[in-house]
Amino acid sequence: MKRYTIAAIRSRLMLSTAALPVSVPAAPAVRPAARIRSIDALRGLVILLMLVDHTREFFYFHAQVPDPMNVEATDPALFFTRLSAHLCAPIFVALTGLGAWLYGNKTAEVSGGSAAGAASAFLLKRGLFLVVLELTLVNFAWGFSLTPPILYLQVIWVIGLSMIALAGLAHLPRAWLIAVGLVLALGHNLLDPIAFAEGPAHVLWAVLHDRSLMDLPWGGQVRTSYPLLPWIGVAALGYAIGPWFVGPQGARLRRLVVTGLGALALFALLRSINLYGDPTPWSVQDTPLRTAMSVLNVTKYPPSADFLLLTLGLGALILAGLERASDRLIGLLAVFGGAPLFFYLIHLYGLHLLNLAALALFGPNQGQGFSVPGVAALWALAAVVAVPCWFACRWFARIKRASDRPWMKYL
């Protein structure tokens, strides 16, 4: 057996290496980072709260609740059920902005170019898609009518328009974006006294700030349920916190907790002053519980400064908590949050079909108001509906991940 010195071995290795091709295969492209599961879990949590609220509106247990609520007449269980659903729209819109930043950042890492440019292009196209979706499939789901007497412009509509606005705002420096977001979200109540008579200015102001019912030229009416200006501010603030989610988790958690507590402290300050922040001031009631209900009875349409401070403050704290939650809980909630638009459509159509079936079997609901057992039945029914929706969302998310069709990313 031949024996080689170290020098001989080194010499042979150098010769072998020299025989290799000079060109080296290019390094694989950087793959986008995985989805942040705590964000999907937060979206999934508010999706379930939305399901309960839509079950209340849609199903056999139908019970209308005004905005703001009537503290003296509303059952406390129903009041807090509706209050929990207040989290949905602000968190959806804020996470829309956050998701746009993460999308632009991942795209820039993979293909180069401007993160703001990539986010802007995506926001514009998906925003237009959502506006069309609200006017077609979503409105049809509520009434099963191709010519509804009232066309409702609701949360999908305002998310779409907020994305279109954010497509332009995304190019601002981050400090300016935060300033615009805060002014629109917290300062828009200064515009409450402004009103316009019938005409183009009234229509524009109804879309931007006033919740109005307007006649359509071809018959029927349109309801601007979600006036736009404050929601643009929420989307801008969500986009602005995007850099928190590419840094260390500890720093992100501290920022979320400080932001959440700060928003709730400002909410408490404004409500204690009782002069600005919500069109409906609170008042002392006959019991401590109803006084607390009066303090929390904030206006959603359009979302008052107090409404946004309360809901977004709680949302930031819940997101911080979900960052530390168990993998099992995160996994269950993230299934809903990973396919939110798909869930939105199937739950509306499913609830409407169940409502028609209940009406056929039992006739109209003749009950007046809601008691605690009625609210418990409402939550139980929503839980039953959630189960098949969970499996449907898991199935759709797998199809979406496996698809290479560009339009799938808009769903």
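Given the structure is predicted, the values throughout are model-derived calculations rather than measurements. (Residues numbered from 1 in each chain as written. Predicted model: local features only at pLDDT ≥ 70, side-chain atom pairs only at ≥ 80, totals over all residues. Heavy atoms only, no water.)

Draft legend 1. Up close: the packing of helix α2 (residues 37–58) against helix α13 (residues 327–337). Relative to each other, α2 and α13 sit at 70 degrees, their axes nearing to 6 Å. The angle between the axes of α2 and α13 places the two elements in the roughly perpendicular class. Of the two elements, α2 crosses α13, and the hand of that crossing is left-handed. Along its contact with α2, which presents Arg37, Asp40, Ala41, Arg43, Gly44, Leu45, Ile47 and Leu48, the element α13 presents Asp327, Ile330, Gly331, Leu333, Ala334, Phe336 and Gly337. (Axes fitted to C-alpha atoms, helices over the stretch in contact; angles between N-to-C directions. Helix = DSSP H or I, 4+ residues; strand = E, 2+ residues; numbered from the N terminus. Parallel < 35°, antiparallel > 145°, perpendicular 65-115°, else oblique. Left-handed = near helix turned anticlockwise from the far one by under 90°. Contact = heavy atoms within 4.5 Å.)

Draft legend 2. Structural view of helix α6 (residues 155–169). Taking 1.5 Å per residue, 15 residues should reach 21 Å; α6 reaches 20 Å between its end C-alpha atoms and fits that length. A large share of α6 lies buried, amounting to twelve of its 15 residues. (Expected span 1.5 Å × (residues − 1). Buried < 20%, exposed > 50% of the residue type's maximum accessible area, 1.4 Å probe, protein only.)

Draft legend 3. Region of interest: a nonpolar patch on the surface. Together, Leu266, Leu269, Ile273 and Leu275 line one region of the surface with nonpolar side chains, adding up to about 400 Å² of accessible area. Assignment of secondary structure puts leucine 269 in helix α10 (residues 249–273). On the accessibility criterion, leucine 269 (46% relative accessible area) is partly exposed. (Patch = residues over 30% accessible without salt bridge, like charges linked within 9 Å, V, L, I, M, F, W, Y side chains within 5 Å. Areas by Shrake-Rupley, 256 points an atom, 1.4 Å probe, with all protein chains shown as cover. Salt bridge = Lys/Arg side-chain N within 4 Å of Asp/Glu carboxyl O.)

Draft legend 4. Structural detail: the pairing of strand β1 (residues 150–153). Burial of β1 is one-sided: the residues Leu151 and Leu153 facing one way are buried, the residues Ile150 and Tyr152 facing the other way are not. Pairing of β1 with strand β3 (residues 221–224) involves four bridges; the strand directions are parallel. Each bridged residue has a counterpart across the sheet, and for leucine 153 the counterpart in β3 is threonine 224. (Pairing = 2+ DSSP bridges.)

Draft legend 5. Summary view of the side chain of histidine 209. Relative to the elements of secondary structure, histidine 209 occurs in the loop between α8 (200–208) and β2 (213–215). Among the polar contacts listed, one links the side chain of histidine 209 to the side chain of aspartate 192, at a separation of 3.4 Å. Other than its neighbours up to four places away in sequence, histidine 209 contacts His188, Leu191, Asp192, Pro227 and Pro302. (Polar contact = N/O pair within 3.5 Å; in protein donor to acceptor, adjacent residues only side chain to side chain.)

Draft legend 6. Quick peek at the sheet that holds β3. Taken in spatial order, the three strands of this open sheet run β1-β3-β2, and their pairing is mixed. Edge strands, defined here as strands with exactly one partner in the open sheet, are β1 and β2. Across the sheet, the mean angle from the axis of one strand to that of its neighbour is 25 degrees, orientation sign disregarded. In terms of strand pairing, β2 meets β3 through three bridges, oriented antiparallel. The residue of β3 that forms the bridge with methionine 214 is valine 222.

Draft legend 7. Expanded view of the packing of α10 against helix α12 (residues 305–323). Where α10 meets α12, the closest approach of the two axes is 8 Å, and the angle between their N-to-C directions is 155 degrees. Compared by their axis directions, α10 and α12 come out roughly antiparallel. Crossing handedness for the pair α10 and α12: left-handed. Split by residue class, the contact of α10 with α12 holds 16 nonpolar, three polar and four charged. (Nonpolar A, V, L, I, M, F, W, Y, C, P; charged D, E, K, R; others polar.)

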